[in-house]
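For reference, the chains in residue letters:
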Amino acid sequence: MKSGLRRLGVLTFLARFLLPAVLALHLQASGQVIISEFLANNVSGLRDEHGNLSDWIEVFNTTNTTVNMDGWFLTDSAGNLTKWRFPATNLPPSGFLVVFADNTNQAILGLPLHAPFALSGGGEYLAL
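Residues numbered from 1 in each chain as written. Predicted model: local features only at pLDDT ≥ 70, side-chain atom pairs only at ≥ 80, totals over all residues. Heavy atoms only, no water.

Draft legend 1. Structural detail: the overall build of the chain. The helix and strand tally for the chain stands at one helix and eight strands. Along the chain, helices and strands appear, N-terminal first, in the series α-β-β-β-β-β-β-β-β. For the chain, buried positions account for 28% of its 128 residues. Considering only contacts in the chain between residues 6 or more positions apart, those separated by 24 or more positions represent 56%. Summed over all atoms, the accessible surface of the chain reaches about 7900 Å², with 60% contributed by carbon and sulfur. (Helix = DSSP H or I, 4+ residues; strand = E, 2+ residues; numbered from the N terminus. Buried < 20%, exposed > 50% of the residue type's maximum accessible area, 1.4 Å probe, protein only. Contact = heavy atoms within 4.5 Å. Areas by Shrake-Rupley, 256 points an atom, 1.4 Å probe, with all protein chains shown as cover.)

Draft legend 2. Spatial organisation of the side chain of T89. As for its placement among the helices and strands, T89 is situated in the loop between β5 (84-85) and β6 (90-91). Apart from the residues within four sequence positions on either side, T89 is in contact with V67, N68, M69, L97 and L109.

Draft legend 3. Region of the structure containing the pairing of strand β2 (residues 55-61). The buried fraction of β2 amounts to seven of the seven residues, a majority that puts the element mostly inside the structure. Across the two faces of β2 the burial is the same, with D55, I57, V59 and N61 and W56, E58 and F60 all buried. Judged from the six bridges that link them, strand β1 (residues 33-39) and β2 form a sheet pairing that is antiparallel. Bridging from a neighbouring strand, E37 pairs with E58 of β2. (Pairing = 2+ DSSP bridges.)

Draft legend 4. Examining the nonpolar core more closely. M69, L74, W84, F86, L97, V99 and F117 are the most contacted members of the largest nonpolar core, which totals 17 residues. Put simply, the parts of the chain that give this core at least two residues each are β2, β7 (96-101) and β8 (113-115). Looking at this core, the element that brings in the most residues is β7, giving three residues. Leave out the neighbours within four places in its chain, and V99 touches D55, W56, I57, L74, W84, F86, L113, H114 and A115. (Core = buried A, V, L, I, M, F, W, Y, C linked by side-chain atoms within 4.5 Å.)

Draft legend 5. Layout of the confidence of the model for the chain. Chain-level pLDDT for the chain is 83 on average; 76% of the residues reach the 70-or-more range. Segment residues 4-15 is flagged for pLDDT under 50; beyond a separation of four residues in sequence, or across chains, it makes four contacts in the model. Low pLDDT, under 50, characterises residues 17-29; the stretch is placed with 10 contacts to residues that sit more than four places away or in other chains. (pLDDT = per-residue confidence, 0-100.)

Structure below.
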């Protein structure tokens, strides 16, 4: 009976402490980038390089390693998950990128980023 309880204690330890730690390391290693903020119907906030008050989306690298954004996409359509592709740029640890959502398409390294869709103030699908 004691060995069964000991095994149960080891399994509980593994499930409670080791598994979450392994999952956290996996998320860090896989480069978790999130949409951290967005603004639809911008009327007085951030302006793009042309002075326009465009909608915008901010993405944030939650990891402590650099993530190459090549192969990552933004979309406002569940039916088209690869609508706008990020250029091959490195997002540093705890770094942010802003993408203007203004129905233009600019994904050139070193220039401000613009997605070919705008955000709806009434709510809609948005995914990274």
